[in-house]
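What follows is the residue order along each chain.
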Amino acid sequence: MKKFKFTLISTALFAVLGCQEAPQQNQVEAQTQAQQQVAVAAPIAEKVPHKVMIHGQEFTDNYHWLRDDTRSNEKVLGHLNQENAYADSKLDATKQLQQTLFEEIKNKVVKDDRSVPTLNGSYYYFTATEGDKEYFTYFRSEHKDGKNAEAIFDANTRAEGQNYYGVGALQISSNENLLAFAEDTLSRRIYTIQVKDLTTGKLLEDKIEGTSGSVVWANDNKTLYYIKKDPVTLLGFQVFRHTLGKPQSDDELVYEETDNSYFTNISKSKDKSTIYIHHGSTESSGVSLISADDAKAKPERFIPREAGHEYSINKLGDWFYVHTNKDAINFKLMRVKATDVKDRSKWQTVVEHNPDAKLESIALFNQHLVYETRENGLTQITVSNLDNSKSKRLTFNDPAYTAYLTGNKNIDTDSVRIGYQSMTTPASVFDVNLETLDKTLLKQNKVLGDFNPENYKSERIFITARDGIKVPVSIVYRKDKFKQDGSNPLLQYGYGSYGLNVEPTFSISRLSLLDRGFVYAIAHIRGSETLGRPWYEDGKKLNKKNTFNDFIDVTKALVEQKYGDASRIYARGGSAGGLLMGAVINQAPALYDGVHAAVPFVDVINTMLDESLPLTTNEYDEWGNPNDKTYFDYMLSYSPYDQVKAQAYPNLLVTTGLHDSQVQYFEPAKWVAKLRDLKTDDNLLLFKTDMEAGHSGASGRFKGIHDIALSYSYFIALAENKI
């Protein structure tokens, strides 16, 4: 790849110089000038019309040629390398700032650190980092405080020699002597599973390839369940049973998902008795059960799958607790004895449906139930006796925060573990007594340097959108830098798809923006579930434009309320949030001075018509199926790639990974090519492809900081008129 890049530039140089062979010493100055000319030339992608008929209409895609599923076409790679060189030349003025930000952020991170030990079986498990090492080491100890711990898996050692390294599942066998682990070394989220003998420290010969990264042990300590991925669509659709010591070719197919709108996942019940096969689509879900004690067991449906019915289960003794949306759009909790599952008349209500609060998750203990709800956009945690005789709610003080259940692996305990953080409070872990609700702080992440939470303030406000709906917004800034007179630069972030919530969490890297006077705002737009399931329903399919309108209306209101300088408003979003960025700048480009679209899903029509691409068929219930003309017309009306037009656009940074398995690199590549052709302004249009990364960017805790430093230096330099 690097060799080709060099050849490409050299050929262009010779053409500029009129040379037939390599330049001589006395041509060095001319070569340098030519290099500079090449470096700053914006790449213009060739137009190669690719015509298709859709719903009786002919559509032309001039940049279809940029799609190369093999990622080996020299013409395509050459274009991406040219874009990288162009972006680097335009961002040359930010190199020092990028390095400054990298060091600034890195120096705030505790180098030698460890997580809070969590009891699982006979051992307490935790992760630790050391010095400048990029990855975690995994430990276990017989002691609650983690003393005399043994290292069971060192990701740093495993990552040696790899340009990318990602760990999937780490699962301990029932006898606690074997560790199954999954690794991805390409960033395509295709994992290889291996097994380590913890008594000898050696790897077994077993190697299971082409998996989703999930793995579960049966209770015989020699049988593994895993999910095989389709090599084309990358959907995990087959559950296999593997016996240690046998080749993968002998593995038994236990379950195959024939409906390609469903994802497949596996897990194990907290009491270790049952293996769950999870079936999940956007609007329906289900569970099949396999006995963990019988290595020849066949899966059985918990209940028949129904369109529109979403549920999950937790097992406690002879009871199943069912988190379900049956006749409850915001979900409720039911329970039923294992022997009565098929008889709906015997299901009992444990937590009633609340139309104003979404029931999000639960944790079960011998005598207690703990559950999370989201009310008015904020998480609430309630502790209740299983007999429902009394319940109490935890209280939190920040105006915007996130609280969550974490690490609750055992049923027999007198405390529940929760995580907590806000935009001014670093991530914290508490044990909460189930009877008294007394909180014991186990750890709060440290921020090195002169960080003082009292220097910062967060707010939570509501903005009225154009249709009268009130949109929550979380805001944070540094007190002594914020004037609220319309003079501060402001960066607004959003996502708004799949019902996923962007929580108001703490960020060390964000401090570098706040300390330079930026206001940071999260728009909790429709398409998430911030205000319950109806909030999601009102931002998908034929309601998708509400997501974009909300984001724009929040921006306008923040300017009107003087949270930000109208000439220095910036926006950032990734993946489906990149779709948001693309739609927003087509609709209201003048609002923003600069935008960063990361791994953006922008070619909506072509992607959703191509069932060979990862995720497509699973997404019909999110975006609609464009084979239906109603959905096609609506999607076409907002698809960023299709709606690019001859108009002025804000400064734009677009980033992607060549090996992205979720949003293929060619989506942003095509989008940028079309923008270059049609946009009428002289603003920056920069496109950077990480030739070694995928959807999540660079691996490693410090390598990833370079990506953040690039994004933040771009915004800071724009705000200071330095690029």
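Since the model is a prediction, treat every value here as computed from it, not as a measurement.

Right, let's get into the sheet that holds strand β19 (residues 311-316). One open sheet holds the four strands; their spatial order is β19-β20-β21-β22, and the pairing between them is antiparallel. In this open sheet, the two edge strands, each paired with only one partner strand, are β19 and β22 (348-351). Within this sheet the neighbouring strands show an average axis-to-axis angle of 30°, counted without direction. Where β19 lies against strand β20 (residues 319-324), six bridges are found, and the strand directions are antiparallel. Across the sheet, the residue bridging to Ser312 is His323, located in β20.

In spatial order, the strands read β31-β32-β34-β33-β35-β36-β37-β38; together these eight strands make up an open sheet with mixed pairing. Each having just a single partner strand, β31 (456-464) and β38 (685-690) make up the two edges of the open sheet. Recorded for the sheet is a direction-independent mean angle of 15° between the axes of neighbouring strands. With nine bridges joining them, β31 and strand β32 (residues 470-478) adopt antiparallel strand pairing. In the strand pairing of β32, Lys457 is matched with Tyr477.

Turning next to helix α13 (residues 666-678). Over its 13 residues, α13 runs 18 Å from end to end, which matches the ideal 18 Å to within 8%, given 1.5 Å per residue. The buried fraction of α13 is high, at 11 of 13 residues. What α13 keeps buried is the set Phe666, Glu667, Pro668, Ala669, Lys670, Trp671, Val672, Ala673, Lys674, Leu675 and Arg676.

The next point concerns the pairing of strand β33 (residues 490-493). Burial along β33 is two-sided: Leu490 and Gln492 and Leu491 and Tyr493, pointing in opposite directions, are all buried. Bridge analysis of β33 against strand β34 (residues 519-523) gives four bridges, and the strand direction is parallel. Within β34, the position partnered with Gln492 by the bridge is Ala521. Sheet analysis places β33 next to strand β35 (residues 569-574), joined by four bridges and oriented parallel. Each bridged residue has a counterpart across the sheet, and for Leu491 the counterpart in β35 is Tyr570.

On average, residues of the chain score 92 in pLDDT, and 93% of them reach the 70 mark or higher. Across residues 1-39, confidence stays below pLDDT 50; counting only partners more than four residues off in sequence or on other chains, it has 28 contacts.

In this structure, strand β15 (residues 263-268) lies alongside strand β16 (residues 274-280), joined through six bridges in antiparallel fashion. Across the sheet, Phe263 pairs through a bridge with Gly280, a residue of β16. The antiparallel pairing of β15 with β16 creates a hairpin that spans five residues between the two strands, and Lys272 there sits at a positive phi of about 70°.

On to helix α14 (residues 703-719), then. Under the 1.5 Å per step criterion, the end-to-end length of α14 is 25 Å for 17 residues, consistent within 8% with the ideal 24 Å. Where burial is concerned, most of α14 is hidden: 13 out of the 17 residues are buried. Taken from the residues just after α14, Asn721 is the one with a positive phi, measuring 55°.

On to the packing of helix α8 (residues 545-560) against helix α9 (residues 576-587), then. Across the interface, α8 lies against α9 with an axial gap of 10 Å and an inter-helix angle of 65°. When the axes of α8 and α9 are compared, the pair comes out roughly perpendicular. α8 and α9 meet at a crossing whose hand is right-handed. Mapping the contact onto sequence places Thr547, Phe548, Asn549, Phe551 and Ile552 in α8 and Leu579, Leu580, Met581, Ala583, Val584 and Gln587 in α9.

Orientation of helix α4 (residues 95-106) relative to α14, taken along the N-to-C sense of each, is 125°, at an axis distance of 8 Å. Comparing the axis directions of α4 and α14 gives the class oblique. At the point where α4 passes α14, the crossing takes the right-handed sense. Touching Leu97, Gln98, Leu101, Phe102, Ile105 and Lys106 of α4 are Ile705, His706, Ile708, Ala709, Leu710, Tyr712, Ser713, Ile716 and Ala717, all from α14. Looking at the contact of α4 with α14 residue by residue, the class counts come to 11 nonpolar, three polar and one charged.

Let us look at the environment of Ser249. Mapping Ser249 onto the fold places it in the loop between β13 (236-243) and β14 (252-256). With a relative accessible area of 67%, Ser249 lands in the exposed category. Note: C-alpha distance between Ser249 and Tyr536 (287 residues apart in sequence) is 43 Å.

Calculation criteria
- Residues numbered from 1 in each chain as written.
- Predicted model: local features only at pLDDT ≥ 70, side-chain atom pairs only at ≥ 80, totals over all residues.
- Heavy atoms only, no water.
- Pairing = 2+ DSSP bridges.
- Helix = DSSP H or I, 4+ residues; strand = E, 2+ residues; numbered from the N terminus.
- Axes fitted to C-alpha atoms, helices over the stretch in contact; angles between N-to-C directions.
- Expected span 1.5 Å × (residues − 1).
- Buried < 20%, exposed > 50% of the residue type's maximum accessible area, 1.4 Å probe, protein only.
- pLDDT = per-residue confidence, 0-100.
- Contact = heavy atoms within 4.5 Å.
- Parallel < 35°, antiparallel > 145°, perpendicular 65-115°, else oblique.
- Left-handed = near helix turned anticlockwise from the far one by under 90°.
- Nonpolar A, V, L, I, M, F, W, Y, C, P; charged D, E, K, R; others polar.

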